Each structure stands twice: as C-alpha cells, then as structure tokens.
Amino acid sequence: MMIFENESPRQFHLQNDEISYVLHVLKNGHLGHLYFGTRLNHREDFSHFQQEAERAGTSYVYEGDMNFSLDLARLEYPVYGSTDYREPALQIEQLNGSRISDFKYASHRIYAGKPELEGLPATYVDEEEEARTLEITLHDRVMEADLILTYTIFKNYNAITRSSKVVNHGREDLNLSRVLSASIDMPDSDYEMIQLSGSWSRERHVKSRRIESGVQSIGSTRGTSSSQQNPFYALKRPNTTEDVGDVIGMSLVYSGNFLGQVEVDHYDVARASIGLQPFDFNWKLEPGEAFQSPEAVIVFSNQGMNGMSQIYHNLYHQRLVRGKWRDRERPILINNWEATYFDFDEDKIVSIASQAKELGVELFVLDDGWFGKRDDDTTSLGDWFYDERKLPGGISRLAEKVTEAGLDFGLWFEPEMVSKQSELFEKHPDWAIQVEGRPMSHGRNQYILDFSRKEVVDYIYELMHDVLSNAPVTYVKWDMNRYMTEISSAALPSDRQKELPHRYILGVYDLYERLIRDFPEILFESCASGGARFDPGMLYYAPQTWTSDDTDAVERLKIQYGTSMVYPLSTIGAHVSEVPNHQVKRITSLKTRGEVAFFGTFGYELDVTNMSEAEKEETKNQIDFYKQHRELIQKGDFYRLVNPFEGTGNDTAWMVVSDNRDKALVGHYRVLARPNDGFHRLYVKGLDPDKKYHVRQLASHEDYNESHSGSTHFGDELMFAGLNLGAGYSGTQAGGIKESGDFSSTLWLIEEA
Ligand code: DGJ
C-alpha cells in the first residue's frame, strides 16, 4: 500500500494491491478527480485522464483561456460559486451575503496510520502499518479559511475513507450550509444505483435503478439514519453480477440526517457524493473554530456486489466495531419483549430465564417496562428508576437472580426519549425538542430529549451509570423509537437552530462513548423501532443492531438479505419469535424460524415457559447447533446465492464459508411450495475447488446431529455443477407427500473431508 505523489503536475495516487485512487491539483488550485478502480501501475503523470477543450455554452475561469472550466473538469470536492453548475460538496455563506468559495491547494501531508475523528465514529487501525493517510489543505484567501480533505487507504481492505474539515482562521463568522464527506466525478454514467430502502418492519429492501441525466438521491431528514433509506448506495455496471464486475460502494459512518446523491451532467459525467443532509442544515463557524464532517467509506470491487459486501463486512467487523466484543463470540440471548410486553414481574422473568437456561441460552435481556410506572407506552421514559410494583428488589436483585440461574443479564434503555407523564418532563419540560408556541407532535406517545444540550446528556448519563454500576449488567439494548419533528432547541440561539440535528447525534455519540469507557465489558446492541438506525455510525459504539421488529421468517429473508449488502452477520440481530407471528400473523415452523435466524447474532423472543416438550427439544437442538457453528457464522465470509428481490422472489439462499475454506453452512429457503417441481441445483460459492468436502443436508429439525450421512465432492463440483436441492414436493400418488410445505428451509453443512 502506497500513496505516491507526483510533483509537477501535482498528483496523488493512493494504491494498494488491488485498487487505485488518483487525484490532482487543477490549474486553478482546486482538486480534480482522475481515477478510482482496479489497481493501476504508478506513472509520473496521469494528466491525460482529464481532457480539456473548448465547448460552447459554458463559462471559463481565465480570460483568454477557452479551455479551462470547472464545468468541464472532473472534480474531487466541488465547492459552490464558480464555473461548475452541478451540486457542490461544500457551500459557505459569508457575512456579506457571498456564497462563493475558492479553496486552492496549499499543502499536504502523507503519513502512516489513520487519524481519529474527534467526537465522531470512524474506521480505525490497530497498527500504523495497516493504512496510509493523505491530508490535503486548501485555502480560501478571501474567507481566510482552510479546507482539509483527509484520505486513508488500507492495506488489507479495498476501501478509501474520506472526510472534510473546514477551519475558520478569519475574523468573521462563516455559515456552512452544505458540507458533504465525499464526492467523486466519474467519467461516465453507465451505472445502476443500488440502495437499501424500506420502512418499519420491512427495512433495507434492495432497490435498483439505472442512473439518468439529472439528480437521483436517497437521504434522511428524520433526525436519524432511518428505516426508509440506509446511508449507503452502490454504483454498479449494468453487467455486474453478485460475483463479477465493477461496483463502487458509498457508505457514511453516521447515524443522523444524510444525503447520498448521484448527479449525471450533460456530458454523462456522474457525480457521486455522500454526507450530511444539507436540507435544513446550517452550521455557524466562528473565528478559530473547525467543523469536521463524518467519514465516508468508499469501496471498489471488481468482484461484483458480493465482493463489495465482503469488503464492508471485513472492514466494519474488524476496524469499525471496537472493544472487547469485536472479536468475541456473541451470546445467544432471550428477550422478553414479545413474551410479556409490559406485563411482567420478577417471578415471571426469573421463570423465563431459568427455562431458557435449560435450553442453553446464555443471556437474558429485560426489555421495555422495568422503570417508572410503565405499563404501556404512554409514560415514564426518562425516569430510569426501577418500578417497585414489578421489581420489588430492583434491577440488582433481578439481575442477581438471573445470574444465579446461570444466565448473563441484559437491560433495555431508551435514553434519548421522554414521556410527558414522567418526573423528568415535569421537572424539565424544555428539555424536549419543541418550538415555543407550537404544538408538539408525538411518536409512540413520546418526545425527544434535546441531546444537543450537555446538561441533558449528563443527566441521562448519571442515571444510566447508576443503574449499570449497581447491577451485574453485561448487555444493554439501546432503543430509539421516534423521528424528530418541530426541531428546535431552547438552548440554541436562533442562528444556530439548524445545527440541532447534528448536535443531537454528537450528543448521542458522546453518551455512548462515556458508557463504553465506564463499562468496557458491556455488549451494546443498538435498536430504533427495529432497524431504523442500522448504520455504520452506531456500529462504532454498539457491535450489533436489532435488525427489524419484524421477526417473521419470510419477511426476514428480504430484510437480512438486504442488510448483508453492507453489514456483517456478527452485527445482524436475528431472533426466533412465536407464531402466529406478531407482525404479520404468519405461521412458520420453528425449524424455518431457527434456520433464518441462524444467519446473524442468534436469539429468541418468545415465552419459553409456554413451549411444548417437543418445541423445547427442538429449541435446545437449535441452540446446540448455533453454538457449534457460531464462529463460522459470526466470522466467516458471507455469500448471497439466490436473490429474493429477483424473479418471483420465492427462493432465497445464502451461505457462510470459514476463512480457510474448510467449512461452510448453506441455507436455502422457499416461500411457497411448488407442486410437481423440477430438479433444481444450488450453486455454492467460496469453496476451494480442489478440496474434497463432505456434504450433509441437515435433515432433521429434531436433532441437527442426526442428519443424512451425506456424500463427498470436490469443491469445484459443488460450485460449478451445484448441490442437489432435493426431490421437493412429489404429490400424493407417488407414495405420499415427501418434502413440502410453504415456508420451508434446508441447511447443508459442508466440511473438508
Ligand atoms: C422497539 C424495539 O424494536 C422492540 O424490540 C422493543 O424493544 C420495543 N421497542 C420496546 O418498546
């Protein structure tokens, strides 16, 4: 891995074994983009990647020069105001009303390692040799401001990280109305844009569209990254498949309002950018202050969508998730939410925990309803004191009882919220986000605390710190159940009101950071009405995320498939819940529910005390099975095999392969049974073609160890001739129904022979 610099003309080439990223200083001192893609040999000059010639109908920078226009150049971090007519990455309003900036190259530094971003989540390195960083400082003479662009290239991940920082060295306030994290002008627009879109209970569905002249964008204005759009998109060539072809991924390490945008101009140049949402954003930068953007992680793969996903999986698992839990196997948990909702007491919880222990569960999580007087969702958020009616001995006695029963104890909080019926709201009504004189809208009967205020964060920190220090808590589920409205802070002056959503997220990060520092052993799982804040920013603090409130096995196929575009299995919370499913009322077998949830961080969300003996036995086997293969699942390479968003969507398949390719687990799922079906094959991936593998279809849901004896095959055969999907439904004439039924699943275990 190297960062080369050519002095004249000034160019920078970030290169590792597989990718190259080349940029240069343009004639006017701005930065231009030259190349991002498969690794190139370094050469002394890449100027020929950029053509210049006179074109009618545009404007030029220099008198007497009809060639140099920013409109014709491919730019690296476009700023507003001169000859570029596309949407910029940066716009700054000055006191005289000017919105023009003119940042010119001033200096640069290249160094080993990767810097932290103060107060913001970011990927990191353990050793300096893992990455190199280029920091370019540009200066605007009129504003007396610096723009610092930071680029890092990793040795072992085909990713470039980018962020930007504006420093006000002048004597006047600056108003930053747009500060994106990254922007790249690609030479053509022959791409499809892939995005992860949805809503509550159907998060991160994969959508694709051909990019066209004009602007196409995704984003959030909800105060959080949202379940509607994920802060990620990919641009793939039309012929790129899961395994072959070029794709660029743009992912933002941020949990608040964002924008991801592609603008195709009149010369078919595609400007791909990502960063903070400019809509309703403004940041007043006083003299001497600096503003740091979040980090964008840009990935290039010439091995298709799955190649891109694996780069994100490895980077985010190994160098975004932090702390003790990064490398540890994650516990199998049981959560009482769908088992009891708000209606529980100490005895009920202890009986669930004791029964769960017998089945092999490792962690009990007490969900919503343990504090204040919370019997429904109308009260008590903000009052993080245990409810004596339900838990007379408090959280500490309950946690001790659960611990005595042999399980670790986890606890739910929703730190950012307040209910009107609460001691906190009575004491500090102005701590809720609201506009004076206007009605306050609610979501789920609750209001959002103004986390842009340090005293609010301090108060919640003290309460949480107190609960966590007085009980043996090893896991925290951090929930967040509504979007922002009437955005205004009682503590901010009028000219800083548009800073609130970003300041709020900085407050959330600050609280997480303090708790992680104080309780490094605790495993945090983030949650937001299910998966409304499943983003890389959260993963820096909470190694796993509750993927969706929708636990129906069929719905989960699409949700988990989409989530896997960016996020590794170790981050994807996946639980077995009861049937009829609480979200869609569908009835699926325990086997299918388990075999979908196996591909994530596994757990249960039902009342184990109500299970039949047969269900208990099956659950025990599922847990044994997951424990046996947990390392493979949580640390292996994930491959998507059959896409539920294509064709009829009736089939889904995926698999996970160990690092040294000696073991794999394959899951195939069929929504509706197909009568009199043909004999289909499933082409697996990622195996060693020359290794001999023993393949067992895990036949019995009663006992995963009691499987078909299996057969032996070379890896090449399994990948290129495929696995036999089984005889399927054969009708009653042929001796009874063999294997059939809607919502079915099949697992194969592939082990080196
Ligand atoms: C929403 C979460 O997604 C659920 O898992 C549960 O924790 C509820 N909130 C509790 O209110």
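Scoring rules and cut-offs
Residues numbered from 1 in each chain as written. Predicted model: local features only at pLDDT ≥ 70, side-chain atom pairs only at ≥ 80, totals over all residues. Heavy atoms only, no water. Buried < 20%, exposed > 50% of the residue type's maximum accessible area, 1.4 Å probe, protein only. Helix = DSSP H or I, 4+ residues; strand = E, 2+ residues; numbered from the N terminus. Pairing = 2+ DSSP bridges. Axes fitted to C-alpha atoms, helices over the stretch in contact; angles between N-to-C directions. Parallel < 35°, antiparallel > 145°, perpendicular 65-115°, else oblique. Left-handed = near helix turned anticlockwise from the far one by under 90°. Contact = heavy atoms within 4.5 Å. Nonpolar A, V, L, I, M, F, W, Y, C, P; charged D, E, K, R; others polar. Salt bridge = Lys/Arg side-chain N within 4 Å of Asp/Glu carboxyl O. Core = buried A, V, L, I, M, F, W, Y, C linked by side-chain atoms within 4.5 Å. Near = heavy atom within 4 Å. Polar contact = N/O pair within 3.5 Å; in protein donor to acceptor, adjacent residues only side chain to side chain. Areas by Shrake-Rupley, 256 points an atom, 1.4 Å probe, with all protein chains shown as cover.

### Some details on the pairing of strand β16 (residues 258-264)
With seven of seven residues buried, β16 is to be regarded as a mostly interior element. The two faces of β16 match: F258, G260, V262 and V264 on one face and L259, Q261 and E263 on the other face are all buried. Where strand β13 (residues 214-219) and β16 come together, six bridges link them in antiparallel fashion. Note that in β16 the partner of S217 across the bridge is Q261. As paired strands, β16 and strand β17 (residues 270-276) are joined by seven bridges and run antiparallel to one another.

### Thoughts on the sheet that holds strand β1 (residues 2-6)
Sheet architecture is open: four strands sit in the order β1-β2-β3-β4, paired in antiparallel fashion. Strands at the two margins of the open sheet, each flanked by one partner only, are β1 and β4 (31-38). Across the sheet, the axes of successive neighbouring strands diverge by a mean angle of 15 degrees, strand direction being ignored. Taken together, the five bridges between β1 and strand β2 (residues 11-15) define a ladder with antiparallel strand orientation. Note that in β2 the partner of F4 across the bridge is H13.

### Structural notes on the packing of helix α10 (residues 590-597) against helix α11 (residues 613-635)
It is at 11 Å that the axes of α10 and α11 come closest, and there the two elements cross at 20 degrees. Put simply, α10 runs roughly parallel to α11. Handedness of the α10/α11 crossing: right-handed. Of the residues in α11, those touching α10 at L590, K591 and G594 are E615, E618, T619 and Q622. A breakdown of the residues in the contact of α10 with α11 according to their chemical character gives one nonpolar, three polar and three charged.

### Looking at the pattern of salt bridges
What the rule picks out here adds up to 59 salt bridges. Its salt-bridge partner being E87, residue R178 comes within 3.3 Å of it at the nearest N-O pair. Here R178 is found in strand β10 (residues 174-186), whereas its partner E87 is found in the loop between β4 and β5 (90-94), with 91 residues between them in sequence. Within the structure, one salt-bridge network assembled from shared partners comprises D84, R86, D185, D265 and R271.

### A short note on the nonpolar core
One finds Y151, F364, L366, W370, F409, F599 and L665 to be the most contacted residues of the largest nonpolar core, which totals 190 residues. Among all residues touching Y151, those that are not within four sequence positions of it are L14, Y21, L23, L31, E76, R132, T133, L134, I136, I160, T161 and R162. Formed by 18 residues, the second largest nonpolar core is a distinct cluster that contains A653, L682, L718 and L723.

### A few points about the site of the ligand
Lining the immediate environment of the ligand, one finds 13 residues, of which D367, D368, K477, D479 and D549 sit closest. Interatomic distance of 2.8 Å between a side-chain N/O atom of R444 and an oxygen atom of the ligand. Interatomic distance of 3.5 Å between a side-chain N/O atom of W546 and an oxygen atom of the ligand. Coverage of the ligand by the protein chains reaches 98% of its 290 Å² of free accessible surface. Classifying every residue of the shell around the ligand gives four nonpolar, three polar and six charged.

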